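Report on the structure
Now for the letters of each chain:
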Amino acid sequence: MNEMACAAADDPDLIEAYLLGDLDEPARETFETHLFTCDRCLTQLKLLESLQIELRKDAQASGAAPATGTRSSWWVWAAAAATIVMVVGAGTLLRAPAPGVPVLQAPGAAPAAMAPAILALARVVDPPKYVALDLRGDEPAPGFAAAMRAYSTGDYTTAANGLRRIRGSGPPDVERDFFLGVSLLMSNGDAAAAEAIEPLRRVVDHGDSPYRQLASLYLGKALIRRGDLDAANAEWERTRTLPGTHAGEAQDLQKALRTALGR
Amino acid sequence: MSSVLPVPDDQADLADRIRLGDRGAEDALAAAFHDRVRLMALARTRDRELALDIAQETMADVLVALREGRLREQEKLAGFVYGTARNRISDHYRTLGRRPREEPLDDEHPGGGASNDPLEQAERNAQVRGALGTLPAMDRRILLLTLVDGLKPGAIARRLSLSDEVVRARKSRAIRKVKEYVDGLSRT
């Protein structure tokens, strides 16, 4: 493409959305095809990448780094959904720390007494986007769509209330439990975060699903909020063994936890 | 090494020179496409190390194909590189789960992300760092929440008690200022 005809380079929102994985697949392909023929867009993309790198360094230096080292996108979710590997018997419950997982602290420390650096590990900066994945072949429970609309607008309290209501009357559902756990984790208050533990644990224990590894990662965060650092560390150890793209993130959190504890 | 994309006729010439064993042409191929592939893989995988691996593997695949004269429409070299990169990324997702990565996203590598030209990238990063130092703290915060935390203007507005419009305007202005700062340094 003639560079003079390039409008994309003058649209930082488009290039930013591309870099952050926010474009849908057709738009992504269109931009990439263009990127391979346009130096101006490459230059702009490199600039945004450098900004991302330097801002992250600043945040890390000031201790304000995001809790998640990588950012999920709907595309990653779709890719994960497309690569489900069903493993017979993989739903074994591992409630005790796995062998070899270092013991960091007796459980039960009051959240209020925890250092800010530890509480920061429980932050969910960028909750996963909801993408309807037709994995079950049946209709979602009544009220599910409304709850997920609230979730998509960032109204996590309403989403949690809606999903909690459905849960009371419906059969087990991994997707519902996952987003209930995330919504509770995103809601204000330690009580809601503590309530997130049970649905997230159900997702992890259910076995392979597109949500399992991320549920394990968030379960660790919920355990941090409850002050159960050993259990969080053990859960992140498990996160690293599960299929998905969040192993490095879990490893980062474990390192940060050890650092925060001076180990 | 700057990335200067060859026009289609030059792409055909470049492909032909590589087929004939011209090492300079291989360097030109890497200069034109390595960073494109790396950034594409970064946008799709959110993993800098993996993106670098994919870029290197893609360029190796392309080089082998060109040396063996397997690209018939040589003027479509850019499309060939893009298709090869997509195949590499698809390969990664096909094996997802069987080969979980242990290394986290890390910006501390020399060159800050291992571009095709680490020196150029290190220089650009330093320029951007200088530009960030000229921005108001609020603008830096908005950029951080946008580009690192990945928040949308609405979420940032709620967090910073600003309106969506103000967040959008400040973000656009901040990015424009950074670009102007870097362009100014590059010209001098």
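Residues numbered from 1 in each chain as written. Chains lettered and ligands numbered in written order. Predicted model: local features only at pLDDT ≥ 70, side-chain atom pairs only at ≥ 80, totals over all residues. Heavy atoms only, no water.

1. Some remarks on the overall build of chain A
- Counting its secondary structure elements, chain A contains 12 helices and 0 strands.
- Each helix (α) and strand (β) of chain A, taken in turn from the N terminus, gives the series α-α-α-α-α-α-α-α-α-α-α-α.
- Here chain A holds 263 residues, and 54% of them are scored as buried.
- Counting only contacts in chain A whose residues sit at least 6 apart along the sequence, the fraction spanning at least 24 positions is 68%. (Helix = DSSP H or I, 4+ residues; strand = E, 2+ residues; numbered from the N terminus. Buried < 20%, exposed > 50% of the residue type's maximum accessible area, 1.4 Å probe, protein only. Contact = heavy atoms within 4.5 Å.)

2. Some words on the confidence of the model for chain B
All names here are of chain B.
- Taken residue by residue, chain B gives an average pLDDT of 84. The fraction at 70 or more is 83%.
- The model gives residues 97-112 a pLDDT under 50, and that stretch makes 45 contacts with residues more than four places away or in other chains.
- Scoring the predicted complex yields pTM 0.54 and, for the interface, ipTM 0.86. (pLDDT = per-residue confidence, 0-100.)

3. Some points on unusual backbone geometry
Residues and elements named next belong to chain B.
- Here the phi dihedral of Ser161 falls at roughly 60 degrees; this positive angle occurs in a residue that is not glycine.
- For Ser161, the position within the fold is in the loop between α7 (153-160) and α8 (164-187).
- When its relative accessible area of 66% is taken as the criterion, Ser161 is described as exposed.

4. Notes on the nonpolar core
- With 60 residues, the main nonpolar core has Leu51 of chain A together with Leu29 and Phe33 of chain B as its most contacted residues.
- The greatest single-element share of this core, amounting to 10 residues, is contributed by helix α2 (residues 23-45) of chain B.
- Listed in part, the 43 residues of the second largest apolar core include Ile118, Phe144, Ala192 and Ala215 of chain A. (Core = buried A, V, L, I, M, F, W, Y, C linked by side-chain atoms within 4.5 Å.)

5. Here we look at the packing of aromatic side chains
All names here are of chain A.
- What the rule picks out here adds up to 11 aromatic pairs over all chains.
- Aromatic side chains Tyr18 and Phe31 sit 4.7 Å apart centroid to centroid with 45 degrees between the ring planes, which places their arrangement in the tilted category. Of this pair, Tyr18 sits in helix α1 (residues 12-19) while Phe31 sits in helix α2 (residues 25-35); the two residues are 13 residues apart in sequence, bridging distant segments of the chain. Of the two residues, Tyr18 and Phe31, neither departs from the other in class, the shared state being buried.
- Ring geometry for Phe179 and Tyr211: centres 5.8 Å apart, planes at 75 degrees, overall edge-to-face. With Phe179 in helix α8 (residues 174-186) and Tyr211 in the loop between α9 (190-206) and α10 (212-226), this pair connects stretches of sequence that are 32 residues apart.
- One aromatic cluster in this structure is built from Tyr130, Phe144, Tyr151, Tyr156, Phe178, Phe179, Tyr211 and Tyr218. (Phe/Tyr/Trp six-rings, centres within 6.5 Å; stacked < 30°, edge-to-face > 60°.)

6. Points about the environment of Asp39 of chain A
- Its place among the elements puts Asp39 of chain A in helix α3 (residues 39-61).
- Measuring from C-alpha to C-alpha, the distance between Asp39 of chain A and Cys6 of chain A comes to 9.7 Å, with 33 residues separating the pair along the chain.
- At a separation of 2.7 Å, a polar atom in the side chain of Asp39 of chain A contacts the side chain of Arg36 of chain B. (Polar contact = N/O pair within 3.5 Å; in protein donor to acceptor, adjacent residues only side chain to side chain.)

7. So, the environment of Leu35 of chain A
- Checked against the element boundaries, Leu35 of chain A lands in helix α2.
- Taking C-alpha positions, Leu35 of chain A is 9.2 Å from Leu45 of chain A, a pair spaced 10 residues apart along the chain.
- When residues no more than four places from it in sequence are discounted, the contact partners of Leu35 of chain A are Cys41, Leu42 and Leu45 of chain A together with Arg36 of chain B.

8. A closer look at the packing of α3 of chain A against α2 of chain B
- Closest axis-to-axis distance for the α3 of chain A/α2 of chain B pair is 11 Å, and the angle between their directions is 55 degrees. When the axes of α3 of chain A and α2 of chain B are compared, the pair comes out oblique. In this structure, the crossing between α3 of chain A and α2 of chain B has a hand that is left-handed. Contact with α3 of chain A, carried on its side by Asp39, Leu42, Leu45, Lys46 and Glu49 of chain A, involves Asp35, Arg36, Arg38, Leu39 and Leu42 of chain B of α2 of chain B and no other residues of that element. (Axes fitted to C-alpha atoms, helices over the stretch in contact; angles between N-to-C directions. Parallel < 35°, antiparallel > 145°, perpendicular 65-115°, else oblique. Left-handed = near helix turned anticlockwise from the far one by under 90°.)

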